[in-house]
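Structural description and commentary
The residues making up each chain are set out below.
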Amino acid sequence: MAVLVNHSPLTIAVGAMAFGPVVVPNSLTTLDIRLARFTTATPLFWPLDTTTIAVSVEMSYDGGQTFRLLCGMTVAGGLATEKDGSEAAETTLHFTAQRQPNRRLRLDMEVKGSVLVSELTIEAR
Amino acid sequence: MAVTYDTDVEVGGTNVTSLTVSITVANNPDRYLIVGVAAWDDVSAESAISSVTFNGSGTGWSQIITEVGPGALLDRSSLWGKANPDAVTASVVVTVGGTCSELGVSVLSAYNVNQTTSLGTAVSAEALSSAPSVVVTAATGDLVYDAVYAGGVLPTATVGAGQTVRANITIHAQNNSRLLASTEPGDPTVTSSWTLADTSLEWVQTAVALKAALDLALVRAAVGQLTASGGIVGTIYR
């Protein structure tokens, strides 16, 4: 496993923002995008359910010259709970990408409602 | 004409309100898109699917079957389908009713699917066990697709005999929940099954047969024979 981005602080004003590109090692095909959420222990992260983000994951297979959409998610802030009743500390997006050299990952993020404060982690396996 | 696999994609997410995944639908005859959704939330309305779209349009999508359980638990497996999707590279977007704790989406493109009666009778099952299994009524040439939400302790999964794995991904690593999907060629009855590792497991499963398109060459030949023997007179147009 490789941690490509490790708890990188994010402060995104309302509007669009691009993150990356990030080099993805050729041998790794399973990727996780993780955004830190509001919990009682992390009250500054994304507290409002009216703050939403749309994340589009784009992959380049030619070293960053061209990108194409792989997947994405929309997410609202506020408190979310896990199956065991505990507070959910993260939102995650889990996907696979074909093995190929010269891969680059880019995130296009659009925030609505109010400024979004979080942390971004990207892992590959 | 036997229903034929084109391609498939899958994605999983936690605490999301929608998931998007890009798929390239090749320009084959009698195309069909089927979407398998595996989800859990402690509020049923938040994991209920409010819309499925492809290439920006929700037109033509229908819910095939949904199972929620087992018992009072709120694990969800749901199938959605659309005949004659555009032959393009575009996004499938699955939107749920709120912030859904666990959501997995499998999308499969197939062709040679009957465009009038695309589906057989959908079936579903749920249990607290390690052996998801449903029996689907189908026919030679059909293609059976199933989708499973599996959760519990260490739910690594092995697909049953004759099936091809189309999705076997983690939705939530800590909760060990997974989206499973497979296909199996049609037969009068097809059993879609999985074996989950360990016990203390929970699952819900849905499945359906994609019905084969009529083989027009065979129909024309049969009509030609009938016509030659004076049985019927006419012209078949497609």
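Being a predicted model, the structure only gives us computed values, none of them experimental.

Definitions and cut-offs
- Residues numbered from 1 in each chain as written.
- Chains lettered and ligands numbered in written order.
- Predicted model: local features only at pLDDT ≥ 70, side-chain atom pairs only at ≥ 80, totals over all residues.
- Helix = DSSP H or I, 4+ residues; strand = E, 2+ residues; numbered from the N terminus.
- Rg over C-alpha atoms; globule rule 2.2 N^0.38 Å.
- Buried ≥ 20, exposed ≤ 12 C-beta atoms within 10 Å, placed from the backbone.
- Contact = placed C-beta atoms within 7 Å.
- Pairing = 2+ DSSP bridges.
- Axes fitted to C-alpha atoms, helices over the stretch in contact; angles between N-to-C directions.
- pLDDT = per-residue confidence, 0-100.
- Core = buried A, V, L, I, M, F, W, Y, C linked by C-beta atoms within 7 Å.

A word on the overall build of chain A. Tallying secondary structure elements over chain A gives zero helices and eight strands in all. Starting at the N terminus and ending at the C terminus, chain A contains elements arranged as β-β-β-β-β-β-β-β. Computed over the C-alpha atoms, the radius of gyration of chain A is 15 Å, within 12% of the 14 Å expected from 2.2 N^0.38 for a compact globule of 125 residues. Seen through its C-alpha atoms, chain A measures out along the principal axes to roughly 40 × 35 × 20 Å. Relative to its full complement of 125 residues, chain A shows a buried share of 32%. Contacts spanning at least 24 positions in sequence make up 80% of the contacts within chain A whose residues lie at least 6 apart.

Scanning chain B from terminus to terminus reveals two helices and 14 strands. Excluding contacts between residues fewer than 6 apart, the proportion of contacts in chain B whose partners are at least 24 apart in sequence is 79%.

Residue and element names in this part refer to chain B. What the five strands build is an open sheet, ordered β7-β14-β9-β12-β11; its pairing is antiparallel. Each end of this open sheet is capped by a strand with a single partner; those strands are β7 (123-127) and β11 (164-172). Here the strands of the sheet are splayed against their neighbours by 10 degrees on average, with no regard to which way each runs. For β7 and strand β14 (residues 201-210), the ladder comprises five bridges, and the chain directions are antiparallel. What sits directly across from S124, in β14, is T206.

Once that is clear, we can look at the interface of chain A and chain B. The interface is formed by 19 residues belonging to chain A together with 21 residues belonging to chain B. Mapped by element, the contributors of at least two residues to the side of chain A that touches chain B are β5 (68-76) and β6 (90-96) of chain A. If you tally residues by element for the side of chain A that touches chain B, the top one is β5 of chain A, at eight residues. Taken together, the four bridges between β6 of chain A and strand β1 (residues 4-24) of chain B define a ladder with antiparallel strand orientation. Note on β1 of chain B: the bridge partner recorded for L93 of chain A is G13 of chain B.

Scored by pLDDT, chain B has a mean of 92; 89% of the residues are at 70 or more. The ipTM assigned to the predicted complex is 0.94, against a pTM of 0.93.

Residues and elements named next belong to chain B. With 10 of 10 residues buried, strand β9 (residues 143-152) is to be regarded as a mostly interior element. Taking every second residue as pointing to the same face, both faces of β9 are buried, with L143, Y145, A147, Y149 and G151 on one and V144, D146, V148, A150 and G152 on the other. Of the pairings in the sheet, the one linking β9 to strand β12 (residues 177-185) comprises eight bridges and is antiparallel in character. The residue bridging Y149 from the neighbouring strand is L179, located in β12. One ladder, built from 10 bridges, connects β9 with β14; its direction is antiparallel. Across the sheet, Y145 pairs through a bridge with V208, a residue of β14.

Take the environment of V5 of chain A next. Checked against the element boundaries, V5 of chain A lands in strand β1 (residues 2-12). Residues contacting V5 of chain A, with those up to four places away along its chain left out, are V22, L120, T121 and I122 of chain A.

This part takes up the sheet that holds strand β8 (residues 133-137) of chain B. Residues and elements named next belong to chain B. What the three strands build is an open sheet, ordered β8-β13-β10; its pairing is antiparallel. Each edge of the open sheet carries a strand with a single partner, namely β8 and β10 (157-159). Across the sheet, the mean angle separating the axes of adjacent strands is 20 degrees when strand polarity is ignored. Across five bridges, β8 lies against strand β13 (residues 189-196) in antiparallel orientation.

This part is about the environment of D84 of chain A. All names here are of chain A. Locating D84 in the fold gives a position in the loop between β5 and β6. Exposure remark for D84: the 7 C-beta atoms within 10 Å place this residue in the exposed category. For the pair formed by D84 and M59, sequence separation is 25 residues and the distance between their alpha carbons is 34 Å.

Further remarks concern the nonpolar core. All names here are of chain B. Within the largest apolar cluster, 91 residues are counted, with the highest numbers of intra-cluster contacts made by V35 and L210. Looking at which element gives the most residues to this core, the answer is strand β6 (residues 89-111), with 11 residues. Not counting the four nearest positions on each side in its chain, L210 is found in contact with V3, Y32, I34, A110, V113, S118, L119, D142, L143 and Y145.

Here we take up the environment of A45 of chain B. Note that A45 of chain B resides in helix α1 (residues 44-47). For A45 of chain B, a count of 12 C-beta atoms within 10 Å puts it in the exposed group.

Following G20 of chain A, the chain continues to P21 of chain A via a peptide bond in cis, the omega torsion being 5 degrees. Structurally, the position occupied by P21 of chain A is in strand β2 (residues 15-24). At the junction of G69 of chain B and P70 of chain B, the peptide bond is cis and its omega measures out at -10 degrees in the coordinates. Within the fold, P70 of chain B resides in the loop between β4 (62-69) and β5 (75-83).

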